Amino acid sequence: PAGRARGRPPAADPEVIRKKAKILSLEAEAAGGKSQEALALYKDYFQTIRSDWTRQFGSMQEAEREAFWMRVRPFAVDCLRLEDADPGFLYDVVLFTRDLMFRFRSESAPAFPDWRQVRAALKKGEVALEFVQYEIDDRICLGGLVLRKDAQPRFIPLGPVEAMTGLRLDSGFTLEEMLDSGDPDLVDEAYADSRIGSLVWSLALRDAIGDCTDLYFVPDGFLHVFAAEYCWPGTERIVLHRISGTRSLLSRKAGWSNRKNALLVGGVDFDADPNTEPAGNDGTAYRMLAGGKGYFEPLANTVKEVETISGLLQGNSRILEGEDASETAFRQA
């Protein structure tokens with residue numbers, strides 16, 4: 001209504017809360033700042049959706065859970081535009097959204113941790129890091145949420161992704177071109193170039209990480225296809241662990257990083273026949289591939305990779321390769 005004072009909309013309408021928060025956030029960005037009111041509204045929205053998910057989880061079908069995640073994901077991206085306004089809140093949002101992806105088929109009731117629980121799970125000398133890719137000022141940027149045993153979470157902006165993937169190296173190729181080439185020599189050169197590591201592992205990020213013996217990090221964006229752990233520019237003796245989520249630190253058991261057996265999957269044949277896959281699998285993806293609208297090249301080097309790992313495990317593993325590496329076989333294993 002005309003003349004209505006700006007303030008929080010009714011808590012019963014979470015989508016109005018989210019949209020109002022985004023508007024306020026964009027207005028503040030245009031003025032060169034951050035909106036505390038937007039932050040408060042995002043927190044209201046987050047409490048609502050987390051409560052809704054917990055309450056409705058048992059009655060939701062897999063498709064409904066996926067639709068819920070698709071609704072939450074844009075909210076998380078919008079929150080990241082706040083950057084260092086409240087790193088603890090951002091850490092909780094990232095934990096929640098990433099955990100949702102692993103719960104589409106879960107039968108157990110969800111119990112979502114917060115950053116304080118993750119911090120409590122860290123052992124002496126350990127640091128947790130969640131990389132996040134987000135859009136701000138019409139640019140795709142990378143940031144890091146750092147969690148130390150003795151401190152509050154910190155958000156470290158790392159700058160535009162294009163500055164990293166578009167960096168032209170001595171070969172004359174950009175990092176993106178080298179990774180896409182499939183040429184092992186070019187890829188090796190990318191990992192050997194110190195400039196890449198200095199951009200991903202910036203001085204500010206390494207300062208936030210501080211002294212540690214083990215760094216558990218979660219990749220995002222292009223870091224899913226670039227092994228940044230091999231580009232650490234510091235001289236410190238740190239063991240870097242790539243994990244799917246820092247939530248996993250809460251459930252680890254003694255010896256979890258020294259397991260003697262594994263299921264290894266490599267050389268997958270993505271040209272699957274949709275008629276051979278049971279109901280419940282991703283039928284849309286299979287139909288697209290079968291209809292000639294898309295094709296995924298086999299990752300040939302993954303055969304060598306899994307066989308090498310199997311050798312290191314001294315045979316205490318099961319390998320699925322080629323046609324044997326179907327989605328059905330994977331789920332059964």
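These numbers were taken from a predicted model, which means no experiment stands behind them.

J.: Looking at this model, I keep getting lost on the overall build of the protein. Mind explaining?
T.: Of the regular secondary structure elements, the protein holds 13 helices and seven strands. Here the protein holds 333 residues, and 42% of them are scored as buried. Nonlocal contacts in the protein, meaning residues at least 24 apart in sequence, comprise 65% of its contacts between residues at least 6 apart. By element, 51% of the accessible surface of the protein is carried by carbon and sulfur atoms, the whole surface being about 18500 Å².

J.: What should I look at first to understand the pattern of salt bridges in this one?
T.: Side chains that carry opposite charge are capable of pairing whenever their charged atoms lie near each other. With the rule as written, the count across this model stands at 15 salt bridges. Here Lys22 and Asp78 are joined by a salt bridge, their closest N and O atoms 3.6 Å apart. Of this pair, Lys22 sits in helix α1 (residues 14-30) while Asp78 sits in helix α3 (residues 62-80), placing them 56 residues apart in sequence. We classify Lys22 as partly exposed; its relative accessible area is 33%. On the accessibility criterion, Asp78 (6% relative accessible area) is buried. A salt bridge links Arg148 to Asp150; its shortest N-O distance comes to 3.2 Å.

J.: Whenever I open this one, the packing of α1 against helix α2 (residues 36-56) confuses me. Can you help?
T.: Contact pair α1 / α2: the axes reach a minimum separation of 8 Å and the direction vectors enclose 155 degrees. Put simply, α1 runs roughly antiparallel to α2. In this structure, α1 meets α2 at a crossing whose hand is left-handed. Touching Pro14, Glu15, Ile17, Arg18, Lys20, Ala21, Lys22, Leu24 and Ser25 of α1 are Glu37, Ala38, Leu41, Tyr42, Asp44, Tyr45 and Thr48, all from α2. Taken together, the residues that form the contact of α1 with α2 break down as eight nonpolar, two polar and six charged.

J.: Would you mind going over the packing of aromatic side chains with me for this structure?
T.: Centre distance and the angle of the planes are the two values used to describe a pair of aromatic rings. Within this structure, the stated rule accounts for 15 aromatic pairs. Geometrically, the ring pair formed by Tyr45 and Phe75 is tilted, given 4.8 Å between the ring centres and 55 degrees between the ring planes. With Tyr45 in helix α2 and Phe75 in helix α3, the pair connects residues that are 30 residues apart, well separated along the chain. As far as the burial class goes, Tyr45 and Phe75 line up, both buried. With 5.8 Å between their ring centres and 85 degrees between their planes, Trp201 and Phe217 make a pair best called edge-to-face. Pair noted here: Trp201 is in the loop between α9 (194-200) and α10 (203-209) and Phe217 is in strand β4 (residues 214-218), with a separation of 16 residues, a long-range link. Of the residues examined, Trp201 reaches a relative accessible area of 0% and is grouped as buried. A relative accessible area of 0% places Phe217 in the buried class. Here a set of aromatic residues connected by ring pairs shows up, and it is made of Tyr42, Tyr45, Phe46, Phe75, Phe89, Phe96 and Phe112. The residue whose ring lies beneath Arg65 is Phe57, and the NZ or CZ to ring-centre distance is 3.9 Å.

Cut-off values and rules
Residues numbered from 1 in each chain as written. Predicted model: local features only at pLDDT ≥ 70, side-chain atom pairs only at ≥ 80, totals over all residues. Heavy atoms only, no water. Helix = DSSP H or I, 4+ residues; strand = E, 2+ residues; numbered from the N terminus. Buried < 20%, exposed > 50% of the residue type's maximum accessible area, 1.4 Å probe, protein only. Contact = heavy atoms within 4.5 Å. Areas by Shrake-Rupley, 256 points an atom, 1.4 Å probe, with all protein chains shown as cover. Salt bridge = Lys/Arg side-chain N within 4 Å of Asp/Glu carboxyl O. Axes fitted to C-alpha atoms, helices over the stretch in contact; angles between N-to-C directions. Parallel < 35°, antiparallel > 145°, perpendicular 65-115°, else oblique. Left-handed = near helix turned anticlockwise from the far one by under 90°. Nonpolar A, V, L, I, M, F, W, Y, C, P; charged D, E, K, R; others polar. Phe/Tyr/Trp six-rings, centres within 6.5 Å; stacked < 30°, edge-to-face > 60°. Lys NZ or Arg CZ within 6 Å of the ring centre and 35° of its normal.

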